[in-house]
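# A structural walkthrough
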Amino acid sequence: MGLLLAGCAATPADSAAAARELPAGMSAELIQLRSDVAARQAEVRIVNGTGEPIEVGAVSVADPRFRAPAERVVDRTSTLAPGATVDVRVQLGAAACGVAAEPAATLTLRGARGDEPFAAVVPIAEAIPFLAALHERECVQEGAERSADIALGVFTPSDAGAPAALELQVAPRPGDGVLRITGIRETNLLTFDGVVGGALALDIDQTGADRSAQSVSLPLRPARCDPHAVLEDKRGTVFRLLVEVDGVAGSFDLAASPELRGELLGWVARWCGYGS
């Protein structure tokens, strides 16, 4: 087909011709794979149910809960044979907190069916809803970070059978925010000594003018020792922090940096007896 579909500016004629529906037989839905979560990405799953090849170019998803449309990660085109499916990865925009808008994700798609180009602007549904929960967590995090910077710090590994130590570091920010950190949830790969109901209780108060930096040592243990849990890990070093922001309970994800993630996975392998 050789059409230049991605990265081209729409002409007035293109905009006027944009359809409210995809070509007959073509469908799309929004999904998020486990491997997309940490990178804040998602996938537009496009199915070519027509009898002709389809070339997919520019892809973006707009939603009023996010500051910018989710754009295609790789600037390229995808060719789908009849009956084929493609997952186009898109990078999600930052959450727009405090926005009173009804959720309404909209897909903008440019492509060609056979030799006929098309441009469509259509609603898109989530196969399994995730945008609302993501928006809520990130707005809770934004509220928490008005009071303090929160991060995973130094990791001190341990020998097999003993807990390691992972620092949770909290540094106050100027302002009058009200923040309490009440707990941290285990992951599918890592747990804590003394965990109850999947969460280690904490009591870190960052309220008032006399706030000070705090560091809490988290007693870490592997939650499982099967090797494929490390080899196939997607979410094992992403913890869920439980907080109260201005008196309202919520939670958000606290992910290990790439360097810390490597340390944690290597320690699990050694602790479990199959790492060097």
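Anything mentioned here points back to the structure above.
Residues numbered from 1 in each chain as written. Predicted model: local features only at pLDDT ≥ 70, side-chain atom pairs only at ≥ 80, totals over all residues. Heavy atoms only, no water.

## With respect to the overall build of the protein
On a plain count of helices and strands, the protein comes out with 5 helices and 16 strands. Taking the principal axes of its C-alpha atoms as reference, the protein extends roughly 65 × 50 × 30 Å. The buried share among the 276 residues of the protein stands at 41%. In the protein, 70% of the contacts between residues at least 6 apart in sequence involve partners at least 24 apart. Here the protein holds 24 positive side-chain charges and 36 negative ones, and the gap between their average locations is 2 Å. (Helix = DSSP H or I, 4+ residues; strand = E, 2+ residues; numbered from the N terminus. Buried < 20%, exposed > 50% of the residue type's maximum accessible area, 1.4 Å probe, protein only. Contact = heavy atoms within 4.5 Å. Lys, Arg positive; Asp, Glu negative; His and termini not counted. Charge placed at Lys NZ, Arg CZ, Asp CG, Glu CD.)

## What to know about helix 5 (residues 258-272)
Over its 15 residues, helix 5 extends 21 Å from the first C-alpha to the last, a length consistent with the 21 Å expected when each residue adds 1.5 Å. Among all positions of helix 5, only Leu260, Leu264, Leu265, Trp267, Val268, Ala269, Trp271 and Cys272 are buried. Those residues of helix 5 that are buried are in contact with strand 9 (148-156), strand 10 (164-172), strand 12 (190-192), strand 14 (214-222) and helix 4 (227-231). At the exit of helix 5 stands Gly273, carrying a positive phi of roughly 90°. (Expected span 1.5 Å × (residues − 1).)

## A look at the side chain of Ser158
The topology assignment puts Ser158 in the loop between strand 9 and strand 10. A relative accessible area of 16% means that Ser158 is categorised as buried. A polar side-chain atom of Ser158 sits 2.6 Å from the main-chain carbonyl oxygen of Ala162. Among all residues touching Ser158, those that are not within four sequence positions of it are Pro163, Ala164, Trp267 and Trp271. (Polar contact = N/O pair within 3.5 Å; in protein donor to acceptor, adjacent residues only side chain to side chain.)

## Section: the packing of aromatic side chains
Scanning the entire structure with this criterion turns up 3 aromatic pairs. Residues Phe155 and Trp267 carry aromatic rings whose centres are separated by 5.5 Å and whose planes lie at 70° to one another, so their mutual orientation is edge-to-face. Of this pair, Phe155 sits in strand 9 while Trp267 sits in helix 5, and the two are 112 residues apart along the sequence. In terms of burial, Phe155 and Trp267 fall into one category: buried. Taken together, the aromatic side chains of Phe155, Trp267 and Trp271 make up a single cluster linked through ring pairs. (Phe/Tyr/Trp six-rings, centres within 6.5 Å; stacked < 30°, edge-to-face > 60°.)

## Topic: the sheet that holds strand 13 (residues 199-207)
Reading across the sheet, the 4 strands line up as 13-11-15-16 and stay open at both edges, with antiparallel pairing between neighbours. Looking at which strands have only one partner, the edges of the open sheet turn out to be strand 13 and strand 16 (248-255). Mean inter-strand twist for the sheet, computed between neighbouring axes without regard to direction, equals 25°. Note: strand 11 (residues 178-185) against strand 15 (residues 238-245), 6 bridges, orientation antiparallel. For Ile184, the partnering residue across the bridge sits in strand 15 and is Leu241. Against the sheet, helix 3 (residues 131-144) engages strand 11, strand 15 and strand 16, with an angle of about 95° to strand 16. (Pairing = 2+ DSSP bridges. Axes fitted to C-alpha atoms, helices over the stretch in contact; angles between N-to-C directions.)

## Observations regarding the pattern of salt bridges
Throughout the structure, instances matching the rule amount to 16 salt bridges. With its nearest N and O atoms 3.7 Å apart, the salt bridge here joins Arg137 to Asp253. Taken together, the residues span a long stretch of sequence, with Arg137 in helix 3 and Asp253 in strand 16 at a distance of 116 residues. Asp253 shares its class with Arg137; the two are buried. Notably, a salt bridge pairs Arg180 with Glu244, separated by 3.3 Å at the nearest N-O pair. In this pair, Arg180 sits in strand 11 while Glu244 sits in strand 15, placing the two residues 64 residues apart along the sequence. (Salt bridge = Lys/Arg side-chain N within 4 Å of Asp/Glu carboxyl O.)

## Quick word on the sheet that holds strand 10
Taken in spatial order, the 4 strands line up as 9-10-14-12 in an open sheet, and their pairing is antiparallel. The open sheet is flanked by strand 9 and strand 12, the only strands paired with a single partner. Going across the sheet, the axis of each strand differs from the next one's by a mean of 40°, ignoring polarity. Bridge count for strand 10 against strand 14 is 7 bridges, and the pairing is antiparallel. Considered in strand 14, the bridge of Ala164 is made with Leu220. Each of strand 9, strand 10, strand 12 and strand 14 touches helix 5; the most contacted strand, strand 14, lies at about 40° to it.

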